[in-house]
Amino acid sequence: MAARLFPAVKFVIKGGLAGAAVYVAYDQGLLGSGTQGAEALKKAQAALPPAIQEWTRYIGWELPPTPKFDFSPSDSWNKGVQTVMSALSVAPTRACEYTVEGWKFVKDLVK
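Residues numbered from 1 in each chain as written. Predicted model: local features only at pLDDT ≥ 70, side-chain atom pairs only at ≥ 80, totals over all residues. Heavy atoms only, no water.

(A) Just the overall build of the protein, in detail. Within the protein, the secondary structure is distributed over three helices and zero strands. In sequence order, the secondary structure elements of the protein are arranged as α-α-α. What you see for the protein is a C-alpha radius of gyration of 26 Å, clearly larger than the 13 Å of a compact globule of 111 residues, by over 25%. Projected onto the principal axes, the alpha-carbon positions of the protein cover approximately 80 × 50 × 30 Å. Here the protein holds 111 residues, and the buried ones make up 6% of them. Entry remark: accessible area of the protein is about 10,000 Å², with carbon and sulfur atoms responsible for 68%. The centroid of the 12 positive side-chain charges in the protein is displaced by 9 Å from the centroid of its 9 negative side-chain charges. (Helix = DSSP H or I, 4+ residues; strand = E, 2+ residues; numbered from the N terminus. Rg over C-alpha atoms; globule rule 2.2 N^0.38 Å. Buried < 20%, exposed > 50% of the residue type's maximum accessible area, 1.4 Å probe, protein only. Areas by Shrake-Rupley, 256 points an atom, 1.4 Å probe, with all protein chains shown as cover. Lys, Arg positive; Asp, Glu negative; His and termini not counted. Charge placed at Lys NZ, Arg CZ, Asp CG, Glu CD.)

Following this line, the structure appears as structure tokens:
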């Protein structure tokens, strides 16, 4: 009986942890728009270093200071989307150019 119950309990615990992770991500705004995600990142950047320092003092470890960086996920996302859309918009023209070049090359080989 216990041998069949253990996998079920393990599955329920894993499912509960996964559900809790999704709920926390949704509650913090990580699954929303880009601006909500950027706000959540700023909030995490403000809250995590003091918490990590407190835990390292409690445990007795010494970690190097956290690096400071200015990163906006929404700007990076927008830049990536613009790059992809730009590449897709010129793709038909480039395909025609490369086809013409390929035919010229093949014609020169045949001559």
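Picking up where we left off.
(B) Representation of helix H2 (residues 34-59). With 26 residues, H2 extends 36 Å between its outermost C-alpha atoms, agreeing within 8% with the 38 Å of an ideal straight helix rising 1.5 Å per residue. Residues of H2 that are buried include every one of Gly-37, Ala-38, Ala-40 and Thr-56, and no others. A positive phi of about 105 degrees marks Gly-60, the residue just after H2. (Expected span 1.5 Å × (residues − 1).)

(C) Spotlight on the environment of Leu-109. Tracing the backbone shows Leu-109 in helix H3 (residues 73-110). Residue classification places Leu-109 among the exposed positions, given a relative accessible area of 58%. Taking C-alpha positions, Leu-109 is 45 Å from Asn-78, a pair spaced 31 residues apart along the chain.

(D) Summary view of the packing of aromatic side chains. Per the stated rule, a full pass over the model turns up one aromatic pair. Taking the centre distance of 5.7 Å and the plane angle of 85 degrees together, the rings of Trp-55 and Tyr-58 count as edge-to-face. Of this pair, Trp-55 and Tyr-58 both sit in helix H2, separated by three residues, roughly a single helical turn. Using a relative accessible area of 55% as the deciding quantity, one classes Trp-55 as exposed. (Phe/Tyr/Trp six-rings, centres within 6.5 Å; stacked < 30°, edge-to-face > 60°.)

(E) Local environment of the side chain of Thr-56. Within the secondary structure, Thr-56 is located in helix H2. A distance of 2.8 Å separates the side chain of Thr-56 from the backbone oxygen of Gln-53, its partner in a polar contact. Sequence-distant contacts of Thr-56, that is, excluding residues within four places in its chain, are made with Trp-61 and Leu-63. (Polar contact = N/O pair within 3.5 Å; in protein donor to acceptor, adjacent residues only side chain to side chain. Contact = heavy atoms within 4.5 Å.)

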